[in-house]
Amino acid sequence: MALGEALAMTTLLLTSPAFKNGETIPAEYTCDGKDISPSLQWSDAPAGTKSFAVISDDPDAPGGTWVHWVIYNIPAGVRELKKGFPADKKLPDGTLQGTNDFQNIGYGGPCPPSGTHRYYFKLYVLDSVLALAPGATKNQLEQAMKDHILAEAQLMGLYRRAR
């Protein structure tokens, strides 16, 4: 089966109890609040799933896309990342986290300098566990995922800082 056929046959849904797609991300999950990650939940993945990866970024940042979270090698049986996910490079279940554009490991919440920005949480279903060390960047993760993506889903939230 070709990759396009697999993507077409799979309806993967990524949601969060914190906000709905296209709605405002609550301040708790931003630099104006506790700056903790929202819970992310997803539906069952296609056959052949070996791991998941999540990239969260802001394409509206003044200097180009700003990366807020890089997480990968999430085990195939997992269907949720809990609210306030720990900022550890490696978790006991093998989940690894990369370096965001704040130069930190783990989640860094929305903190736009001006205006309303869009924040994408992108879930990737992979046919392998990636041979990638903890602390990888978004670009390194994207290179490692090439030719291993079975399905994708995304959730977009908005945030504007109160001034």
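Since the structure is predicted, the reported quantities are computational estimates derived from the model, not experimental observations.

A.B. asks: How do you make sense of the packing of aromatic side chains when you look at a structure like this?
C.D. replies: Each aromatic ring pair is described using two quantities: the centre-to-centre distance and the angle formed by the ring planes. Applying the stated criterion across every chain yields a total of five aromatic pairs. Between Phe-19 and Phe-121 the ring centres are 5.9 Å apart and the planes differ by 45°, which places this aromatic pair in the tilted class. Here the residue Phe-19 occupies a position in the loop between strand E1 (14-15) and strand E2 (40-42), and Phe-121 occupies one in strand E7 (residues 117-126), the gap between them amounting to 102 residues. Accessibility assignment for this pair places Phe-19 and Phe-121 in one class, buried. Taken together, the ring pairs connect Trp-69, Phe-85 and Tyr-107 into an aromatic cluster.

A.B. asks: Can you walk me through the sheet that holds E7 in this structure?
C.D. replies: One open sheet holds the five strands; their spatial order is E6-E4-E3-E7-E8, and the pairing between them is antiparallel. At either end of the open sheet lies a strand with only one pairing partner, and these are strand E6 (96-97) and strand E8 (149-159). Where strand E3 (residues 51-58) and E7 come together, seven bridges link them in antiparallel fashion. Following the sheet pairing, Val-54 is matched in E7 by Leu-123. Against the sheet, helix H2 (residues 138-145) contacts E3, strand E4 (66-75), E7 and E8, and its axis sits at roughly 140° relative to E3.

A.B. asks: Would you mind going over the side chain of Thr-49 with me for this structure?
C.D. replies: Structurally, the position occupied by Thr-49 is in the loop between E2 and E3. At a separation of 2.6 Å, a polar atom in the side chain of Thr-49 contacts the main-chain carbonyl oxygen of Pro-46. If near-sequence neighbours (up to four positions away) are discounted, Thr-49 is found in contact with Ala-76, Val-125, Leu-126 and Leu-150.

A.B. asks: When you look at the nonpolar core in this model, what are you seeing that I'm missing?
C.D. replies: Most often, soluble globular proteins keep nonpolar side chains buried together rather than apart. If you look at the biggest cluster of nonpolar residues, it comprises 27 residues, and the most contacted ones within it are Leu-14, Leu-40, Trp-42, Trp-69, Ile-74, Leu-81 and Phe-121. At the level of elements, E2, E3, E4, E7 and E8 are the ones that each hand at least two residues to this core. Of the residues forming this core, the biggest block, five residues, is contributed by E8. For Trp-69, the contacting residues outside a window of four places in its chain are Ser-37, Leu-40, Val-54, Ile-55, Ser-56, Leu-81, Phe-85, Gln-97, Asn-100, Gly-106, Tyr-107 and Phe-121. Val-70, Leu-96, Leu-126 and Leu-141 belong to the second largest nonpolar core, which has 14 residues in total.

What counts as what
- Residues numbered from 1 in each chain as written.
- Predicted model: local features only at pLDDT ≥ 70, side-chain atom pairs only at ≥ 80, totals over all residues.
- Heavy atoms only, no water.
- Phe/Tyr/Trp six-rings, centres within 6.5 Å; stacked < 30°, edge-to-face > 60°.
- Helix = DSSP H or I, 4+ residues; strand = E, 2+ residues; numbered from the N terminus.
- Buried < 20%, exposed > 50% of the residue type's maximum accessible area, 1.4 Å probe, protein only.
- Pairing = 2+ DSSP bridges.
- Contact = heavy atoms within 4.5 Å.
- Axes fitted to C-alpha atoms, helices over the stretch in contact; angles between N-to-C directions.
- Polar contact = N/O pair within 3.5 Å; in protein donor to acceptor, adjacent residues only side chain to side chain.
- Core = buried A, V, L, I, M, F, W, Y, C linked by side-chain atoms within 4.5 Å.

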